[in-house]
Structure formats: structure tokens, C-alpha cells
Amino acid sequence: MIIAENLTKKFNNFTAVDNVSFEIRQGQIFGFLGPNGAGKTTTIRMLSTLIKPTSGKIIVDGQDSTKSPEYIRSIIGILTETPGMYEKISAYENLNYFSGFYNIDAVKRKSNIEKFMKFFELWDRKDDAVKTFSKGMKQKLALARALIHEPKILFLDEPTAALDPESAYSVRSFIENIKNDIKTTVFLCTHNLEEASNLSDIVCIIKSRIITISTLEKLQAGKGSRKVEMVLKSGAEKIKKIIDDFENISVLKQESENKFLLSVENPEKSNPSLLKKLTENSVEVIYLNEIKTSLEEIYLDLIKN
Amino acid sequence: MGNALKIFRKEIKEVLINRSIWLPILAISLMFSILFPAAITILIEDMVKDPDATGFIAKIFQTTENIETAMLDFIIRQFMVFLLLIPAMLPSLIAPASIVLEKENNTLEPLLATPVSTGQLLLGKTLTSMVPSFIISLTDFILITIVVDTIAWIKFNIIPLPTWEWFVVTFILSPAISFIITMLSLIISSKSTDIRSAQGIGAVIIFPIYAVIGMQIAGLFLLDVKFIIIACAVLIGICPVLLKIAVKTFDRENILTRWKFK
């Protein structure tokens, strides 16, 4: 659905995006992460044809972005980082104005406006001027604006910023639903790593250049040693001696008398061997469980290095 | 055209709400359309007693007969040039301001992300600049006609207005100037590197109109049939060319990435 090839964007002598390439299939949620100034917003602007790349190629739904920008803009919806509305006119008029530029008939447009305003709990305020809305309400209205014309591709830059927990939850559920039901492709920029890890099929971490691009599972698996939590019923005094026999297992921390945090290479292979050894030595194990490395840990580790 | 009209309908509502842009110009133009013509027309009787003034008029019109009529003709041509000022001033304020406001309110990016083409966007914003200035010009035209004709009839038993030059100036020349000033304002402001210079463009763009006013007051030239026909032909010819240039040079990227608010 979206192909970026060797995408570079320079502003005078500053390279905001450096030789970035990726491919996003239809229906995927692509989590695009990076620190401030990493080039995330610049990348979204290039993909949505708001600005041209300095070099490289972008293909969206089979169309070259330099040759068919208006077609691409007709199939995308975008929630920008700081979305604005026309404050002096009503919420309904705002949505009606923007959705009027897309090729949807008036009846469908009207019904979609009502549908999304009700979903975001804004219908009761539809005739109120946007200047009377709170920040969270404006964010929801901007999200509705991106969705009204049922785009094939959705660019979301911090979609849950400024939202209260309930609204953030409903937006996240909505994103998951549109992916499953409508096969909309979602390009998600967020600083909320938990949100990215829960929603994204693919995670891409960028700092001008791509640092990594993979599924979360592969990122977690590829970290070398992984953490395993072990809770015993008895035999804690024997653990050190038993662990010393394993080259690829070490005790990171003894969290309490019977609770240990271990570093294990390839837990799929090592855990059964460890369990067998513990049993042979009459150590009673309550559970042995891998603690998945969080996206936050992976992200911070990659950005730091 | 549909998208351009959508933009125009939304924007004209906001322009009408934003009185700070057009109300001062309307107030000044009403003052000039009523008080100034009334005062000047009344004072003609005294002006014809000044030999310097009558000599000046005789030199311009190459006649010494009906000097009041000639003096009135000269005054009316000054008002005619004034009719060109409003369609230049208002668009030079509205056009760049509308882009600046969109950027300021963060609505420009979502608007540019829709399928609206640059041409449709510029046309919509041009109509927003042109329509109020045309309405003000037309109002001035009517008021000046009423005021001058009333006083001229009472004093000199003549009805000098409207002339066909007035119709051409109001309905053809003024809109053409409006269009061109709007296009130039949009071209130059989109290339500006910051907000303030984008907003200040208007003050510079209308210098040629001031020059025309100054030259006519000084008697260096007269807004006559020949000038009006040539001006109409040239300006109308320029309009589509300027639209093409505006579309080609409207720098979306510069506005999105370089315009910053302090």
C-alpha cells in the first residue's frame, strides 16, 4: 500500500530524513517511533504529498507521489501533530467543509459526520463554535475529520495526545477495529510506547535514519539474553550452585527469598533444561516465566546506542 | 470550480466576522465617497476664481470654455482613480492574511492534505478578496455619482455622472486590478520566509496605484479613454497568465515548513 524507497529530505544543510525505506501492506498498522526531531512528521508530510522528498521515491496505492498527488490526497486521512479547526464556525460546519472536498455523496457524508460525531461523543455539541471546545474535544473532532471520507490510509500523528483515559481507550479500540473491519492501513506516530506495542503490526524506530524495523515479537526475541522470572516454593539456597552449571543463564537479581530474576539466552531451549535440573535437585518451582522485554526498553536501548 | 466556491463561501463568512480587516477601509471609502466629493464639488465655484487653477485646467483640457465643467471633469477623474485604490488595498490585506491565519490556526496543513488543488485554493481565496472590494467599489461608485450629480445639478445645472469610463473602471478595471493584486500578494507572500514579511507584502504591492494617483493630481497624465482601453486590455490579458504563475509558484512547502510564529 505504501512503499518508501531511499527517502531523504534536506532543509538547507540539515538532513531531517536520511535514506529511509520501508513497505507497508494494506491493513497493517505501522508504528513509527522516534525522539523529537527524528523526522517522523517530515516523513508523514512526504507520504501525504504535503512536501516533496529531496530524493527517493514514494508509491501510495500504486501511484507515484510526484505524479499523482491529488489522487493520493483523495484516499488518505491525516491527523496532524497540532490539528487546527476553524474556530469561529461550528463543529458540524468544520466537518462538512473538509469532507466536501472528497468524492463522497452528500447523503453518505451527512451520515458519516453523524456517525463519527456520535462515536466521539460530540454530536450534542455539533452546532457549537469550535472555539468553545476543550483541547481533547478538538482532538477528537480532528480525528473525526480524518475519518469522515473513509480513507484507505490513515496518518495519525499522536492520536491520543490530550485525550482523557476513557477517550484514549476508545480511540485505540477504534484504531484496532478499523484495521480488522475495513482494512484501512494505519501509519501511527506516537510517543506512547504502550499504545504502539499494543496496536502496531510493524514497529519502525527512526532517528533521521531507520534504526530498526520489525515486528514487536522479533524485536523482543532478538535482544540476546532475555529475562525470566522464577518463583520457588523451596530450595532457594541451591539456586546459585545449579545456575553456575549453565553457561547461558545467570542470576540478575534475587528479588525476595524465593523470587529470582534470571538472564536466559534462548528461553525456549534453556527453560525446560533448567526446570529439569531444578527438579532433579529437589527444588520446588511455582513458576518459571519469561518477562517480555517491553517496547520501551527496546526503544530506549536502541535510541541510546 | 466547485471546490473554489466551497472555499469562498466558508472564507467570506469569516471575513465578514473579522471586521478589523474591512471595516476601516469601508469607513474611509464612505468618507471619501460622500464628504470629499461633496466638498470638492461645492468648492468648484471658488476654484474657478483662482487664475492658477483655471490656467492649470485650461492647459490640461486645451480649452478655456466652460471652465466649471472642465474643472468638474478633472475632479471626477481624480475620484475615478480613487475607485482603483480600494480594489487594490483590500485584497492586498485579505489575501496574504488568509494564508497567514490558516497557518496560525493550524488549518492549512489539513486543508492542503485534501484533494483541493492549488488552483482551486487560490481561486477560492481570490474570490474572497475580490468580492468585498468589488462591493465597496460599487458602493463608492453609486455614492459619488449621487453626491456629485446632486450638487452639480443644483450649482451648474449639469449631471456629469456616470460616464461610460466610470462603468468600465468600476466593472472591468477594478475587478481586474483586484485579481492581479490578489495573485501578486499570494505569490510573493507564499515565498516569504516569515509571517511578518508575508503580511507586509500588501503595503508594497499597491505602490503603482499610488503612483497613478500622484501623477494625475500633478497633471502629468489624465485617466482618459485611451488609457482606460489600453489598461483594460493589458490587465485582462495578464489575469490568466498570473493565475498560472501563481499556481506554479505557490510554495506549499515553504509555508508549511518555514513560516514560524514567535
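Residues numbered from 1 in each chain as written. Chains lettered and ligands numbered in written order. Predicted model: local features only at pLDDT ≥ 70, side-chain atom pairs only at ≥ 80, totals over all residues. Heavy atoms only, no water.

Asker: Could you clarify how one ought to interpret empty space enclosed by the protein in this entry?
Answerer: The gaps of empty space that remain are located by a probe, the size of a water molecule, rolled over the atoms. One pass over the structure, following the stated rule, counts one cavity of 30 Å³ or more. In this structure, the largest cavity encloses a volume near 70 Å³. Around the largest cavity, the lining residues are I76, G77, I78, F98, Y102, R145, A146 and H149 of chain A together with P110, A113 and T114 of chain B. Elements that contribute at least two residues to the lining of the largest cavity include exactly β6 (76-79) and α5 (135-147) of chain A. With three residues, the single largest contributor to the lining of the largest cavity is β6 of chain A. Residues that form the lining of the largest cavity fall into these classes: seven nonpolar, three polar and one charged. (1 Å grid on protein atoms, 1.4 Å probe; cavity = no way out; pocket = protein on both sides within 12 Å on 5 of 7 lines; lining within 4 Å. Points joined across faces, edges and corners; volume = space filled by probe spheres on them. Helix = DSSP H or I, 4+ residues; strand = E, 2+ residues; numbered from the N terminus. Nonpolar A, V, L, I, M, F, W, Y, C, P; charged D, E, K, R; others polar.)

Asker: Quick question: what am I supposed to make of the packing of helix α3 (residues 91-99) of chain A against helix α4 (residues 106-119) of chain A here?
Answerer: Helix packing for two helices is described by the angle between their axes and how far apart those axes are. All names here are of chain A. Two elements in contact, α3 and α4, have axes whose closest approach is 10 Å; the angle formed by their N-to-C orientations is 130°. Viewed along their axes, α3 and α4 adopt a mutual orientation that is oblique. As α3 runs across α4, the sense of the crossing is right-handed. Contacts from A91, Y92, L95, N96 and S99 of α3 reach α4 at R109, K110, I113 and M117. Split into classes, the residues belonging to the contact of α3 with α4 amount to five nonpolar, two polar and two charged. (Axes fitted to C-alpha atoms, helices over the stretch in contact; angles between N-to-C directions. Parallel < 35°, antiparallel > 145°, perpendicular 65-115°, else oblique. Left-handed = near helix turned anticlockwise from the far one by under 90°. Contact = heavy atoms within 4.5 Å.)

Asker: When you look at a nonpolar patch on the surface in this model, what are you seeing that I'm missing?
Answerer: Residue and element names in this part refer to chain B. Residues F167, F171, I172 and I236 make up a contiguous nonpolar surface patch of about 350 Å² in total accessible area. The element contributing the most residues to the nonpolar patch is helix α7 (residues 164-191), with three residues. Here I172 is to be found in helix α7. By relative accessible area, which is 37% here, I172 ends up partly exposed. (Patch = residues over 30% accessible without salt bridge, like charges linked within 9 Å, V, L, I, M, F, W, Y side chains within 5 Å. Areas by Shrake-Rupley, 256 points an atom, 1.4 Å probe, with all protein chains shown as cover. Salt bridge = Lys/Arg side-chain N within 4 Å of Asp/Glu carboxyl O. Buried < 20%, exposed > 50% of the residue type's maximum accessible area, 1.4 Å probe, protein only.)

Asker: Would you mind going over the side chain of T185 of chain A with me for this structure?
Answerer: All names here are of chain A. Position of T185 relative to the elements: it lies in strand β8 (residues 185-189). At a separation of 3.0 Å, a polar atom in the side chain of T185 contacts the main-chain amide nitrogen of G27. Contact partners of T185, with chain neighbours within four places excluded, come to M1, I24, R25, Q26, G27, Q28, K152, I153 and L154. (Polar contact = N/O pair within 3.5 Å; in protein donor to acceptor, adjacent residues only side chain to side chain.)

Asker: Help me out: how do you make sense of the pairing of β8 of chain A in this one?
Answerer: Residues and elements named next belong to chain A. Of all five residues in β8, five are buried, a share of seventy percent or more. Side chains T185, F187 and C189 project from β8 onto one buried face, and the interleaved V186 and L188 project onto a second face that is buried too. Bridge analysis of strand β3 (residues 29-33) against β8 gives four bridges, and the strand direction is parallel. In the sheet register, F30 faces β8, and the bridge partner there is F187. Sheet topology places strand β7 (residues 153-157) next to β8; five bridges connect them, and they run parallel. Bridge pairing in β8 links I153 to T185. (Pairing = 2+ DSSP bridges.)

Asker: Looking at this structure, I do not really get the pairing of strand β1 (residues 2-11) of chain A. What am I missing?
Answerer: Working note: regular strand, side chains alternate between the two faces of the sheet. Residues and elements named next belong to chain A. Here five bridges tie β1 to strand β4 (residues 55-60), and the two strands are oriented antiparallel to one another. Residue pairing across strands places I2 opposite V60, the latter belonging to β4. The pairing of β1 with strand β2 (residues 14-24) spans seven bridges and is antiparallel. Residue L7 lies in a different strand from β2, and its bridge partner there is V20.

Treat this as a map of the structure, not an account of what it does.
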